[in-house]
Amino acid sequence: MPAMSQTEQEYEVGDLFVTEKDLTLKLLPSRKSATVPIRWFAKSGVTNVRRAAKDIQFLVGKIRGSKLQVRGLNVTTDKGLDTDLVASRLTEAVTKAGFEVIG
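Since this is a predicted model, take the numbers as computed values, not measurements. (Residues numbered from 1 in each chain as written. Predicted model: local features only at pLDDT ≥ 70, side-chain atom pairs only at ≥ 80, totals over all residues. Heavy atoms only, no water.)

A tally of regular secondary structure across the protein chain gives 2 helices and 7 strands. Computed over C-alpha atoms, the radius of gyration of the protein chain comes to 14 Å, within 12% of the 13 Å expected from 2.2 N^0.38 for 103 residues, which places it in the range of a compact globule. The dimensions of the protein chain, computed from C-alpha atoms along their principal axes, are 50 × 25 × 20 Å. Counting only residues that meet the buried cut, the protein chain has 36% of its 103 residues in that class. In the protein chain, the proportion of contacts linking residues at least 24 apart, taken out of those at least 6 apart, comes to 57%. (Helix = DSSP H or I, 4+ residues; strand = E, 2+ residues; numbered from the N terminus. Rg over C-alpha atoms; globule rule 2.2 N^0.38 Å. Buried < 20%, exposed > 50% of the residue type's maximum accessible area, 1.4 Å probe, protein only. Contact = heavy atoms within 4.5 Å.)

Moving on: the pattern of salt bridges. Between side chains of opposite charge, a pair can form when the charged atoms approach closely. On inspection of all chains with the given rule, the structure shows 4 salt bridges. Among the ionic pairs, Glu20 bridges to Lys79, the shortest N-O distance being 4.0 Å. Linking Glu20 in the loop between β1 (10-18) and β2 (22-28) with Lys79 in the loop between β6 (68-77) and α2 (90-96), this pair joins segments that are 59 residues apart in sequence. Residue Lys79 is classed as partly exposed on the basis of its relative accessible area, which comes to 37%. Between Asp55 and Arg51 there is a salt bridge; the shortest N-O distance is 2.7 Å. On the criterion of helical spacing, the pair formed by Asp55 and Arg51 is a turn pair, its members being 4 residues apart in helix α1 (residues 49-64). (Salt bridge = Lys/Arg side-chain N within 4 Å of Asp/Glu carboxyl O.)

Relative to strand β7 (residues 100-101), β6 runs parallel, the two sharing 2 bridges. Each bridged residue has a counterpart across the sheet, and for Gly72 the counterpart in β7 is Glu100. (Pairing = 2+ DSSP bridges.)

Pro29 follows Leu28 through a cis peptide bond whose omega is 15°. Note that Pro29 resides in the loop between β2 and β3 (33-37). Residue Arg31 is not a glycine yet carries a positive backbone phi of 65°. The residue Arg31 is located in the loop between β2 and β3 in this model.

Take the nonpolar core next. Formed by 27 residues in total, the largest nonpolar core has its most connected members in Leu16, Leu23, Trp40, Ile56 and Leu73. Ranked by the residues each element gives to this core, the list is headed by α1, at 7 residues. With residues near it in sequence (within four places) discarded, Trp40 still touches Val18, Leu23, Gly45, Val46, Thr47, Asn48, Arg51, Ala52, Asp55 and Leu90. (Core = buried A, V, L, I, M, F, W, Y, C linked by side-chain atoms within 4.5 Å.)

Below is the structure:
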């Protein structure tokens, strides 16, 4: 297997799972994951988009390492598929954090 040069990067997709108390991210295909406590998500959705974007950036930066590049995040909540990501402002928070929302 050839060694990677410093300019080559591997691209990963993240599964972002949001509950009222925690934000969990799992990167694929590397299977790295981490969780941070949050206070900006309530029943109606994101209460502070700026804080949410900072937490998402922090979490991705924490586990991606130096050679991994995360392009998009698949966002889900504990409420399942019934959650409207736009109305809950999760899409806005992920976009503000600098990532693309997939699904």
